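Now for the letters of each chain:
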Amino acid sequence: MQPGELTVFIVDDDASVRDSLALMLGLAGYRTTLFADAEALLLAWRPAWSGCVIADLRLPGRSGVELQAELRKRGSSLPVVIITAHGDVPTARAAFRAEAVDFLEKPFDHAQLREAIEKAFAREQRRIGLAQERAADAARLAALTPREREVLEHAARGLHAKEIAAVLGISPRTVEVHKTRIMEKLGVRNVAELVRFAIAAGGG
Amino acid sequence: MSALRYFRDAAVFAPCYLMLDWASYIVPLGPFNITPWNPQPALAIVWMLLGGLQHFPVVAATLFAADLLLRGAPAGYALTVLTAVILSAAYAAIAWSLRLSPRFDAGLRTTRDLTLFFALALAGTALGGAVFVGVLASAEPAFAGGYLEAWLRFWTGDAVGVMVTAPLLLVVADRERRHELGVLFRRAEAWVQMAVLAALLWLIFTGLPGDPALHFYLLFIPLIWIALRGGMAGAVVAAGAVQIGVVIGMHHLGVDWLPAVELQALVAALTLTGLFLGTITDERRRAAQDLRQSLRLAAAGEMAGAIAHEVNQPLTALSNYGQSALALLARPGEAHRVPAVVGKMLGEAERAADVVRRLRDFFRAGTTRLEDLPTYELEAMLRQVARQVIGPRPVELALSLDGGLPALYVDRLQIELVLRNLLANATEALGGGGRIRVSAARHGEDRLRLVVEDDGPGISAEARERVFEPFVSGKPTGMGLGLAISRAIAEAHGGSLEARSGVHGEFHLVLPCSRAS
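Criteria and thresholds
Residues numbered from 1 in each chain as written. Chains lettered and ligands numbered in written order. Predicted model: local features only at pLDDT ≥ 70, side-chain atom pairs only at ≥ 80, totals over all residues. Heavy atoms only, no water. Phe/Tyr/Trp six-rings, centres within 6.5 Å; stacked < 30°, edge-to-face > 60°. Helix = DSSP H or I, 4+ residues; strand = E, 2+ residues; numbered from the N terminus. Buried < 20%, exposed > 50% of the residue type's maximum accessible area, 1.4 Å probe, protein only. Contact = heavy atoms within 4.5 Å. Buried area = accessible area lost by both parts, 1.4 Å probe. Salt bridge = Lys/Arg side-chain N within 4 Å of Asp/Glu carboxyl O. Polar contact = N/O pair within 3.5 Å; in protein donor to acceptor, adjacent residues only side chain to side chain. Axes fitted to C-alpha atoms, helices over the stretch in contact; angles between N-to-C directions. Parallel < 35°, antiparallel > 145°, perpendicular 65-115°, else oblique. Left-handed = near helix turned anticlockwise from the far one by under 90°. Nonpolar A, V, L, I, M, F, W, Y, C, P; charged D, E, K, R; others polar. Pairing = 2+ DSSP bridges. Core = buried A, V, L, I, M, F, W, Y, C linked by side-chain atoms within 4.5 Å.

What follows deals with the packing of aromatic side chains. Tallying each qualifying case throughout the model produces eleven aromatic pairs over all chains. Relative to W47 of chain B, the ring of F13 of chain B lies with its centre 5.2 Å away and its plane at 40 degrees, an arrangement referred to as tilted. Note that F13 of chain B is positioned in helix α1 (residues 3–23) and W47 of chain B in helix α2 (residues 40–51), a separation of 34 residues in sequence. Since its relative accessible area comes to 1%, F13 of chain B is described here as buried. Every member of this aromatic cluster is reached through a ring pair, and the members are F9, F35 and W49 of chain A.

Attention shifts here to the interface of chain B and chain A. The interface is formed by 24 residues belonging to chain B together with 19 residues belonging to chain A. The contact between chain B and chain A buries some 1,900 Å² in all, and 55% of this surface belongs to carbon and sulfur atoms. Between K344 of chain B and D19 of chain A there is a salt bridge, and its shortest N-O distance comes to 2.8 Å. Where chain B packs against chain A, one counts 13 residue pairs in polar contact (both at pLDDT 80 or more). Looking at the side of chain B that touches chain A, the elements with two or more residues in it are α11 (257–330), α12 (338–365) and α13 (375–390) of chain B.

Another point: the packing of helix α3 (residues 56–71) of chain B against helix α4 (residues 77–100) of chain B. Think of two packed helices as two axes; the pair is described by the angle between the axes and how far apart they sit. All names here are of chain B. It is the contact of α3 with α4, at a shortest axis distance of 8 Å, that shows an interaxial angle of 135 degrees. One finds that α3 runs oblique with respect to α4. In this structure, α3 crosses over α4, and the sense of that crossing is right-handed. Taken together, the residues of α4 that come into contact with α3 (itself represented by F56, V59, A60, L63, F64, D67 and L68) are Y77, T80, V81, A84, V85, L87, S88, A89, Y91 and A92. For the contact of α3 with α4, a count of residues per class yields 14 nonpolar, two polar and one charged.

All names here are of chain A. Turning to its location among the elements, H160 is positioned in the loop between α6 (146–156) and α7 (161–168). We classify H160 as exposed; its relative accessible area is 57%. For the pair formed by H160 and E176, sequence separation is 16 residues and the distance between their alpha carbons is 9.8 Å.

The next point concerns the sheet that holds strand β3 (residues 51–56) of chain A. All names here are of chain A. In space, the five strands of this open sheet follow the order β2-β1-β3-β4-β5, with parallel pairing throughout. The open sheet has two edge strands, β2 (31–35) and β5 (102–105), and neither has a second partner. Recorded for the sheet is a direction-independent mean angle of 20 degrees between the axes of neighbouring strands. Inspection of the sheet shows strand β4 (residues 80–84) paired to β5 by four bridges, in the parallel sense. In the sheet register, I82 faces β5, and the bridge partner there is F103. Along the sheet, helix α5 (residues 110–142) makes contact with β1 (7–11), β3, β4 and β5, crossing β3 at roughly 135 degrees.

Moving on to the side chain of H508 of chain B. Residue and element names in this part refer to chain B. In this structure, H508 sits in strand β7 (residues 505–512). A relative accessible area of 8% means that H508 is categorised as buried. Reaching out from H508, the side chain makes a polar contact with the side chain of R449 at a distance of 2.7 Å. At 2.7 Å, the side chain of H508 and the side chain of E506 are in polar contact. The contact partners of H508, leaving out residues within four places of it in the chain, are R449, L450, V451, S496, L497, E498 and R500.

What follows is about the sheet that holds strand β2 (residues 395–400) of chain B. Whether parallel or antiparallel, the strands of a sheet pair through hydrogen bonds between backbone atoms. Residues and elements named next belong to chain B. The sheet built from five strands is open, its strands ordered β2-β4-β5-β7-β6 with mixed pairing. Of all the strands in the sheet, just β2 and β6 (496–500) have a single pairing partner and so form its edges. Ignoring which end each strand starts from, the neighbouring axes of this sheet average 15 degrees apart. Bridge count between β6 and β7: five bridges; the pairing is antiparallel. The residue of β7 that forms the bridge with L497 is L509. Along the sheet, α13 makes contact with β2, β4 (434–443) and β5 (447–454), crossing β2 at roughly 170 degrees.

Residues and elements named next belong to chain B. Counting residues in each nonpolar core, the largest one holds 75 residues, and the members touching the most others are F117, F216, L219, V242 and V246. Excluding residues within four positions of it along the chain, F117 makes contact with L98, F104, L108, V162, A166, P167 and L170. By size, the runner-up hydrophobic cluster in this structure holds 40 residues, among which are L373, V395, L397 and I436.

Now for the pattern of salt bridges. Residues and elements named next belong to chain A. A complete count under the given rule lists 34 salt bridges over all chains for this structure. One salt bridge in this structure joins E148 and K185, with 2.9 Å as the shortest N-O distance. Of this pair, E148 sits in helix α6 while K185 sits in helix α8 (residues 172–186); the two residues are 37 residues apart in sequence, bridging distant segments of the chain. Look at K185 and you get partly exposed, because its relative accessible area is 30%.

Quick look at the structure:
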């Protein structure tokens, strides 16, 4: 996924605030989608969505903080920026406990808003990058034969070629051939990288 | 203090003292002219309490002069000088200890002030009287046998005189109290009360047969009435009037010493009752006023919070549009989009200005921008507020508002606050979920009654009024101000807000209708 596909999802019950935010962020080069309340966003939500949610704290129905909680419950890690026209401390605290990216008081400083969005996007890109890496790793692992996977597992435990050969009942030379094939398939250059990969694959 | 002012004060004090002494010099007892009531010590005490102890020499000299001029100094010059100094010292001691008492207000505004004043006056006059009578008794052996009785009589006269007269003097000397008196006697009620008091006095001394003391209790009735209505200012005047009436009555009847003392004791009891009642009335009235004030502030605070939110929304949009206009201007070929954005900015500015106008009106007029609120708009308001208040909870809102009902004539923002409080209250009462019913019906000629009911447990008869008290809250959070403010708002509209006790929660909100309908 490209960073350009990140979207700012705006949830505010005030039509003017919604419209003006969309215009401003659109001119700043962000792609925006608008919702009047939390239910509208949840109804349209897809797991593939990435970007950041800017939600008003007080909304008809579910509040911005409750929207964030519901998103987490559904397995979405979309970062949420809470905005509010009442800067009340208890709700701000609740928002932070719910790990909102930022809590901005209306009318907000534009630089602060941009900063919050950028922070959220950076978090999203890290997440997306990690997910992509993991997906690629999984694909590469899938290309190994069952025997190669066995060899990889033992290598990951730190066994040498001779030891692996003894365990599997094959010659050390065959083990070496397997190892070379595995390194080729996984795109790693040396045994150390191979071990690291195997551990990552085993852990993930 | 300059010498000139000192002597000018003395020139006011001495004649006043002499006049009081002369007027109260009735039914003197024994060789030393002990009289049943002495208002002049009150003047001496008040003079030194307000003016300071530097007046002590003037007071002592005046006491001596009074004895000399009015009674011919029967005990001889030396003894008269000594007793004048003794009595003046006792009065000075009372004044001095009151001046030293922390937080004592000479305007006698609290029961504490009043109690302190009476206690010190009683103690001071008792002590002064003991020394005074002792000195006289030692100089006049014929009088020594009746020392205790003479002391008691002297003390009664002085103490009663001080208790009745000093509060009147203190009230008259206090600028704020004088204003209260002025306000009080601009009302016809005060004159009616005084007329009743005078008529009763007349009845007791001339109209009814037998000892005036027998019927004296009748005076308590108008006195209590006056104290409850007029507070301390009214009570002080009434007590003074009773004292003057009793003195005139005693002159008129030519009563003996003993009935005179009895009457004075009754006057003292009456005065104490009246003054304490008056002070308590004042205190209660002040507390009610303070509460109203703090309620008003709280209501204003809630309003300000709501309005700040209302102002922040257009400001946010305004600032976003402004930022957008700048971005458009910076781009080649996009400038033609700017006028549309600026148009939106003007709209938002107008929206913000409208809210600010409303805020200003609220603080200026104490209320309110009254306008028509038709039933369909009320319904929309109820639905919107309910959506916000209820949130995702399984609470159903059933509205039954007859379309034929007249429009309300209210301040929208304030009534929205009231409805929000009532619906939040009902939602909370429901706990898990249930139904809230809101209905409206005509209430008399020009009002509507809105009834908000919920399926919750309702409130007990005892809690019915308590829920409107500020800081009484069933919730662990919140100050419990919501219903108190709502009632204040309803009453400011000339309406009312009541809770009905029963198995279900039920609130009745009465509001005025539009004049047009």
